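Structural overview
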Amino acid sequence: QFLLGESDVGQNRAEASQRVLAELNPHVVVAAHTGELSEAFLASFQVVVLTESPLEEQLRIGDFCHARGICFIVADAKGLAGQLFCDFGECFVVDDPAEGDPVRAAVQHVSKGNPGVVTYMGAEDSRGHLFCEGDLVTFSGVEGMTELNGREPVPVHVLDAFRLEIGDTSSFSPYRCGGLVSQVRLPQMHSYEPLRRALAEPQIQVASPEDLPRSRSLHAAFQALHAFRGEQGRLPRPRAPVDAERVLELARSLEAQQGPLDEDVVRAFASVSAGDLCPVAAVVGALAAQEVLK
């Protein structure tokens, strides 16, 4: 616990944490709610974040938030593993879908043809392609082929690190000199699944295919942990083989499980799931806070 000390033992955690949180920023109102998370209470919020809550509560509140258009996040840390789920509704607009500033480059030449080819100069410190396949671009300051200036954004086909195809320029005036080609980022609409559907049909993104079995196994292990807690009224005891095997049995029985389980991953997860580690909580909490800011 980052906010609590020995003197807080026996007190309500929300109320004890509220006092410390309120001191961090006097311009933010921090209130502690110790009652039921009723629909009437939740309806006043734009974002709801759950942590350390039973799966039944997650599903109930997740269904309610999805139906009301309230952004819903589940963040949890168990031992050495973390879990983060986001449901931002069916019509969530991402105004800036990429990090950093849009790319700009100096135009060196534009050919007349179908398609026309733009040759541009990359920055001295740039590596690889400045533009990506399908990027939308606009032009400004072009002399000669002035038809390019002020046009609606056009998609590009990347030929190499310094050349782009931009569509039909055969009827344009000959290019003379100058100009900038600039990347345009349009807002994107995203649709999110509610938690109940996402658990049944998980779409797990991994950096490499080798990571998929481990990620799927942890996904099943978190659900099995909820089932174990509902069955036993507690988390698995640390390094208790009997408890770890029961979690593994529950994971095997999950209908939502896709693909084979990595049983060693499930056992290791169950064996340490009762632990609370500040570094893991800090990472999961920081990711959840970033999602809230969206």
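Up top you'll find the structure we're talking about.
The present account deals with the structure reproduced in this document. (Residues numbered from 1 in each chain as written. Predicted model: local features only at pLDDT ≥ 70, side-chain atom pairs only at ≥ 80, totals over all residues. Heavy atoms only, no water.)

1. What to know about the overall build of the chain
Counting secondary structure elements, the chain contains 8 helices and 12 strands. Against the compact-globule benchmark of 19 Å for 294 residues, the chain has a radius of gyration of 26 Å, which places it well outside the compact range. Across its three principal axes, the chain shows a C-alpha extent of roughly 80 × 50 × 35 Å. In the chain, which comprises 294 residues, the share counted as buried stands at 34%. Restricting the contact set of the chain to residue pairs at least 6 apart, pairs at least 24 apart contribute 64%. With 24 positive and 41 negative side-chain charges, the chain shows a separation of 2 Å between the mean positions of the two kinds. (Helix = DSSP H or I, 4+ residues; strand = E, 2+ residues; numbered from the N terminus. Rg over C-alpha atoms; globule rule 2.2 N^0.38 Å. Buried < 20%, exposed > 50% of the residue type's maximum accessible area, 1.4 Å probe, protein only. Contact = heavy atoms within 4.5 Å. Lys, Arg positive; Asp, Glu negative; His and termini not counted. Charge placed at Lys NZ, Arg CZ, Asp CG, Glu CD.)

2. Some words on the side chain of D135
You can see D135 is positioned in the loop between β6 (117–121) and β7 (136–140). Although D135 is buried, it makes no salt bridge; R185 carries the closest opposite charge, 7.4 Å away. Polar contacts involving the side chain of D135 include one to the main-chain amide nitrogen of C132, which spans 2.8 Å. Apart from the residues within four sequence positions on either side, D135 is in contact with V154, P155, V156 and Q183. (Salt bridge = Lys/Arg side-chain N within 4 Å of Asp/Glu carboxyl O. Polar contact = N/O pair within 3.5 Å; in protein donor to acceptor, adjacent residues only side chain to side chain.)

3. As for the layout of surface pockets
Within this model, the largest pocket holds a volume of roughly 2200 Å³. Lining the largest pocket are 49 residues; nearest its centre among them are R13, L21, V49, L50 and T51. Secondary-structure elements contributing two or more residues to the lining of the largest pocket are α1 (13–24), α2 (39–42), β1 (47–50), β2 (71–78) and α8 (278–293). For the lining of the largest pocket, the leading source of residues is α8, giving 9 residues. A class-by-class count of the residues in the lining of the largest pocket yields 30 nonpolar, 13 polar and 6 charged. (1 Å grid on protein atoms, 1.4 Å probe; cavity = no way out; pocket = protein on both sides within 12 Å on 5 of 7 lines; lining within 4 Å. Points joined across faces, edges and corners; volume = space filled by probe spheres on them. Nonpolar A, V, L, I, M, F, W, Y, C, P; charged D, E, K, R; others polar.)

4. Re the nonpolar core
By size, the foremost hydrophobic cluster in this structure holds 21 residues, and its most contacted members are V110, F131, F139, I166 and V181. Only β5 (104–110), β6 and β7 provide two or more residues apiece to this core. The dominant element in this core, judged by the number of residues it contributes, is β5, at 3 residues. Not counting residues up to four positions away in its chain, the partners in contact with F139 are V107, V118, L148, N149, G150, I166, L180 and V181. Counting 16 residues, the second largest nonpolar core, distinct from the first, contains A224, L235, V247 and A270. (Core = buried A, V, L, I, M, F, W, Y, C linked by side-chain atoms within 4.5 Å.)

5. Regarding unusual backbone geometry
Each neighbour pair has its own omega, and for N114 with P115 the value is 10 degrees, a cis peptide bond. With respect to the helices and strands, P115 occurs in the loop between β5 and β6. A positive phi angle, near 55 degrees, is found at E52, a position not held by glycine. With respect to the element layout, E52 can be found in the loop between β1 and α3 (55–68). On the accessibility criterion, E52 (44% relative accessible area) is partly exposed. Even without being glycine, R239 reaches a positive phi, approximately 55 degrees. Here R239 lies in the loop between α5 (212–232) and α6 (241–252).

6. Observations concerning the sheet that holds strand β11 (residues 180–184)
With respect to topology, 7 strands assemble into an open sheet ordered β8-β7-β11-β5-β6-β10-β9, the strand pairing being antiparallel. Both edges of this open sheet fall to β8 (154–155) and β9 (157–160), since each of them pairs with a single strand only. Alignment of β9 against strand β10 (residues 163–165), held across 3 bridges, turns out to be antiparallel. Looking at the pairing, D160 lines up with R163 of β10. (Pairing = 2+ DSSP bridges.)

7. A short note on the packing of aromatic side chains
A complete count under the given rule lists 8 aromatic pairs for this structure. Plain terms: the ring middles of F92 and Y192 are 6.0 Å apart, the flat faces sit at 80 degrees to each other, and that makes the pair edge-to-face. Separated by 100 residues along the polypeptide, F92 in strand β4 (residues 92–94) and Y192 in the loop between β12 (188–190) and α4 (195–200) bring together distant segments of the chain. Classification of Y192 as partly exposed rests on a relative accessible area of 24%. Members of the aromatic cluster, joined through ring pairs, are F88, F92 and Y192. (Phe/Tyr/Trp six-rings, centres within 6.5 Å; stacked < 30°, edge-to-face > 60°.)

8. Some remarks on the packing of α6 against helix α7 (residues 263–272)
Packing of α6 against α7 brings their axes to within 8 Å, and their N-to-C directions diverge by 130 degrees. Between α6 and α7, the crossing angle belongs to the class labelled oblique. Read as a crossing pair, α6 and α7 show a hand that is right-handed. Contact with α6, carried on its side by A244, E245, V247, L248, A251 and R252, involves E263, V266, R267, A270 and S271 of α7 and no other residues of that element. Of the residues assigned to the contact of α6 with α7, the class counts are 6 nonpolar, 1 polar and 4 charged. (Axes fitted to C-alpha atoms, helices over the stretch in contact; angles between N-to-C directions. Parallel < 35°, antiparallel > 145°, perpendicular 65-115°, else oblique. Left-handed = near helix turned anticlockwise from the far one by under 90°.)

Read these as spatial facts, not as claims about activity.
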